[in-house]
Amino acid sequence: MAKKGEWVRIHNVVLKASDRTARIPDDTRKCDLEMWTKGQLLDETAEIGDVVTIKTATGREEKGTMIEVGSYYTHSYGKFVPEIIEIDNMLREEMFGGEE
């Protein structure tokens, strides 16, 4: 179970294959346009598979199906460190007054 503020990854189908333009290659047009996004969970609690709202590192709010909690890159830069998000938020507040 994930709690509000935890770093999660969501998945969303932006466009179904049937809604895609005819101006793109056939093999591309046959596939859904999908999006995977990471951010802080805005819901109080959620389970994998729930539709949730997140706030990305750039401040956007996105909705999608939660697929992972504490997600991290797997190319050996190490696991997710929650304190880094806190530092990022503090720096943004100091530098921009929290507006950007």
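Residues numbered from 1 in each chain as written. Predicted model: local features only at pLDDT ≥ 70, side-chain atom pairs only at ≥ 80, totals over all residues. Heavy atoms only, no water.

Enquirer: So what exactly am I meant to see when it comes to the pairing of strand β6 (residues 61-69) here?
Expert: The two faces of the sheet receive side chains in turn, since in a regular strand these alternate between them. In this structure, strand β2 (residues 7-15) lies alongside β6, joined through four bridges in antiparallel fashion. Residue R9 lies in a different strand from β6, and its bridge partner there is E68. Counting the residues between successive antiparallel strands, the hairpin from strand β5 (residues 51-55) to β6 contains five residues, one of them, G59, with a positive phi of roughly 95°. (Pairing = 2+ DSSP bridges. Helix = DSSP H or I, 4+ residues; strand = E, 2+ residues; numbered from the N terminus.)

Enquirer: Would you mind going over the pairing of β5 with me for this structure?
Expert: The sheet contact formed by strand β3 (residues 33-41) and β5 spans two bridges and is antiparallel. Each bridged residue has a counterpart across the sheet, and for L41 the counterpart in β5 is I54. Here β5 runs beside β6; their pairing, made up of five bridges, is antiparallel. Among the inter-strand pairings, V51 is bridged to a residue of β6, identified as T65.

Enquirer: Which parts of the structure should I look at to understand the side chain of E62?
Expert: Structurally, E62 is set in strand β6. Note on E62: relative accessible area 19%, which makes it buried. A polar contact of 3.1 Å, which involves the side chain of E62, links it to the side chain of R60. What E62 contacts, discounting residues up to four positions off in sequence, is I10, M35, T37, V52, T53, I54 and T56. (Buried < 20%, exposed > 50% of the residue type's maximum accessible area, 1.4 Å probe, protein only. Polar contact = N/O pair within 3.5 Å; in protein donor to acceptor, adjacent residues only side chain to side chain. Contact = heavy atoms within 4.5 Å.)

Enquirer: Please clarify how the sheet that holds β6 should be interpreted in this entry.
Expert: Pairing between the strands of a sheet is mediated by backbone hydrogen bonds and can be parallel or antiparallel. Taken in spatial order, the four strands line up as β2-β3-β5-β6 and close into a barrel, and their pairing is antiparallel. Shown here is a sheet whose adjacent strand axes are inclined to one another by a mean of 55°, direction ignored. (Axes fitted to C-alpha atoms, helices over the stretch in contact; angles between N-to-C directions.)

Enquirer: Sorry if this is basic, but what is going on with the confidence of the model for the protein chain here?
Expert: Any residue range with low pLDDT should be treated as having predicted coordinates unsuitable for detailed reading. The share of residues in the protein chain with pLDDT of 70 or more is 96%, and the mean pLDDT across the chain is 91. No element of the protein chain has a lower mean pLDDT than helix α2 (residues 82-96), at 90, and none a higher one than β5, at 98. (pLDDT = per-residue confidence, 0-100.)

Enquirer: In this structure, what is going on with the nonpolar core? I would like to understand it.
Expert: Grouped burial of nonpolar side chains is what soluble globular proteins tend to show. With eight residues, the main nonpolar core is built from A2, V8, I10, L41, A46, V52, I54 and M66. Of all elements in the fold, only β2 and β5 reach the threshold of two or more residues within this core. When neighbours within four sequence positions are excluded, A2 is seen to be in contact with V8, L41, E44, T45, A46, M66 and V69. (Core = buried A, V, L, I, M, F, W, Y, C linked by side-chain atoms within 4.5 Å.)

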